[in-house]
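Coordinates in review
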Amino acid sequence: MKTAEIKLTIQLDDNNVPENILWESTDSQNKEALPVQAMMLSLWDQSFKNTLKIDLWTKDMPVDEMKRFFYETLQTMGDTFLRATGEKNIVEDLRDYCAHFADKMDIRK
């Protein structure tokens, strides 16, 4: 059985606000930690039937990029949901909402 690791390193300021977020993976071709400005990690806890989440962003993450990050996250959640469940109709509804979100947030493709 193959094992892969994903490592997240969060550098915090004196008030515990993220200044830097670095991530790396043993499966990545790039062997050094890469900087990112935001992350959303969701894990399903089967025992308690709920989601464990960590949402972090650096204090210098621009608001316009955060809007784009949310938009793209919603889009890819639709892709994942479709692959996992085959529920095409609800994913089409999510795509419609994503278009509405992009309009309201003035996000251009």
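Residues numbered from 1 in each chain as written. Predicted model: local features only at pLDDT ≥ 70, side-chain atom pairs only at ≥ 80, totals over all residues. Heavy atoms only, no water.

1. Here we look at the packing of aromatic side chains
If you walk through the whole model with that rule in mind, you get 2 aromatic pairs. Note on F69 and F70: the rings are 6.5 Å apart at their centroids and 85 degrees apart in plane angle, and the pair reads as edge-to-face. (Phe/Tyr/Trp six-rings, centres within 6.5 Å; stacked < 30°, edge-to-face > 60°.)

2. A few points about the domain arrangement of the chain
The assigned domain composition of the chain is domain 1 (1-60) and domain 2 (62-108). On the domain 2 side, the residues contacting the 6 residues of domain 1 number 6 residues. Both faces considered, domain 1 and domain 2 share a buried interface measuring about 450 Å² in area, 78% of it formed by carbon and sulfur atoms. Three residues, Q37, A38 and M40, lead the burial of domain 1 against domain 2; their summed loss comes to 73% of the area buried on that side. (Domains from an automatic or database assignment. Contact = heavy atoms within 4.5 Å. Buried area = accessible area lost by both parts, 1.4 Å probe.)

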